[in-house]
Amino acid sequence: MSMLERWDPFRDLMSIQNELNRLFGRSYGGGEPAPGQTGSWVPALDVYETVDKFVVTVELPGIEPEDVEVSVEDLTLTIKGQREFFYKATEDSFQRIERRYGAFSRTLSMPMTADTERVEASFDKGVLTIEVPKREEAKPKKVTVRTT
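As a starting point, this report considers the structure included with it. (Residues numbered from 1 in each chain as written. Predicted model: local features only at pLDDT ≥ 70, side-chain atom pairs only at ≥ 80, totals over all residues. Heavy atoms only, no water.)

1. As for the overall build of the protein chain
Then, in step 1: Helices and strands together make up the secondary structure of the protein chain, namely one helix and eight strands.
Then, in step 2: Looking at the protein chain residue by residue over its 148 residues, the buried ones come to 25%.
Then, in step 3: With the model as given, the accessible surface of the protein chain reaches about 11,700 Å², and the carbon-plus-sulfur share is 52%. (Helix = DSSP H or I, 4+ residues; strand = E, 2+ residues; numbered from the N terminus. Buried < 20%, exposed > 50% of the residue type's maximum accessible area, 1.4 Å probe, protein only. Areas by Shrake-Rupley, 256 points an atom, 1.4 Å probe, with all protein chains shown as cover.)

2. Notes on the sheet that holds strand 7 (residues 120–124)
Then, in step 1: Judged by pairing direction, the sheet is antiparallel, and its four strands sit side by side in the order 2-3-8-7 without closing on themselves. The open sheet terminates on both sides in strands that have one partner only, identified here as strand 2 (45–49) and strand 7. For this sheet the average axis-to-axis angle between neighbouring strands, irrespective of direction, equals 15 degrees.
Then, in step 2: For strand 3 (residues 53–59) and strand 8 (residues 127–133), the ladder comprises seven bridges, and the chain directions are antiparallel. Looking across to strand 8, one finds that Glu 59 is bridged to Val 127. (Pairing = 2+ DSSP bridges. Axes fitted to C-alpha atoms, helices over the stretch in contact; angles between N-to-C directions.)

3. Quick word on a negative patch on the surface
Then, in step 1: Together, Glu 64, Glu 66, Asp 67 and Glu 84 line one region of the surface with negative charge.
Then, in step 2: Tracing the backbone shows Glu 84 in the loop between strand 5 (76–83) and strand 6 (102–109). (Patch = residues over 30% accessible without salt bridge, like charges linked within 9 Å, V, L, I, M, F, W, Y side chains within 5 Å. Salt bridge = Lys/Arg side-chain N within 4 Å of Asp/Glu carboxyl O. Lys, Arg positive; Asp, Glu negative; His and termini not counted. Charge placed at Lys NZ, Arg CZ, Asp CG, Glu CD.)

4. As for the nonpolar core
Then, in step 1: Among the nonpolar cores identified, the biggest contains 17 residues, and Val 56, Val 58, Leu 60, Ile 79, Leu 128 and Ile 130 are the most heavily contacted of them.
Then, in step 2: Broken down by secondary-structure element, the contributors of at least two residues to this core are strand 3, strand 5, strand 6 and strand 8.
Then, in step 3: With residues up to four places along the chain from it excluded, the contact list for Ile 79 reads Val 56, Val 58, Val 68, Glu 69, Phe 104, Ser 105, Arg 106, Leu 128 and Ile 130. (Core = buried A, V, L, I, M, F, W, Y, C linked by side-chain atoms within 4.5 Å. Contact = heavy atoms within 4.5 Å.)

5. Re the packing of aromatic side chains
Then, in step 1: With the rule as written, the count across this model stands at zero aromatic pairs.
Then, in step 2: The ring of Tyr 101 has Arg 83 lying over it, and the distance from NZ or CZ to the ring centre is 5.7 Å.
Then, in step 3: Just above the ring of Phe 54 sits the side chain of Lys 134; from NZ or CZ to the centre is 5.3 Å. (Phe/Tyr/Trp six-rings, centres within 6.5 Å; stacked < 30°, edge-to-face > 60°. Lys NZ or Arg CZ within 6 Å of the ring centre and 35° of its normal.)

6. Concerning the pattern of salt bridges
Then, in step 1: Inspection of every chain in the model, using the stated rule, returns three salt bridges.
Then, in step 2: Close ionic contact of Glu 49 with Lys 134 constitutes a salt bridge, the shortest N to O distance being 2.6 Å. A residue pair is termed long-range when its members are at least 10 positions apart, and Glu 49 in strand 2 and Lys 134 in the segment after strand 8 qualify at 85 residues.
Then, in step 3: Arg 118 is paired through a salt bridge with Asp 115; the nearest N and O atoms lie 2.6 Å apart.

Structure below.
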């Protein structure tokens, strides 16, 4: 018994679309950025919450800490920077270019409970970590239950 494969008329069309995206991505740095993001590439980030703070981690391989700017205005956290093109080779000598280069900007809206006056940022092994403490009044408080 031979395996049958269902014919998909859109498979070849999608293959062509992917190839066009790859070619235009190489020349023009990709498509339209998502809302709140600008630049030719968008670094991946994670955001999580603990009992006393919000933490943002951003993957920034190949970027020096002094080339990254972190700022807070009102409740908006902005991360900006730039990754330069690989300078030891000309673009013509590459067989494939999949990494993105150029300027980037990410903006995040912080919740009302964030204490944007005490933001701290650190950089280790290509990962930027930003810690935004919660305001004291937003932290959980233990209430002692009395007996009557």
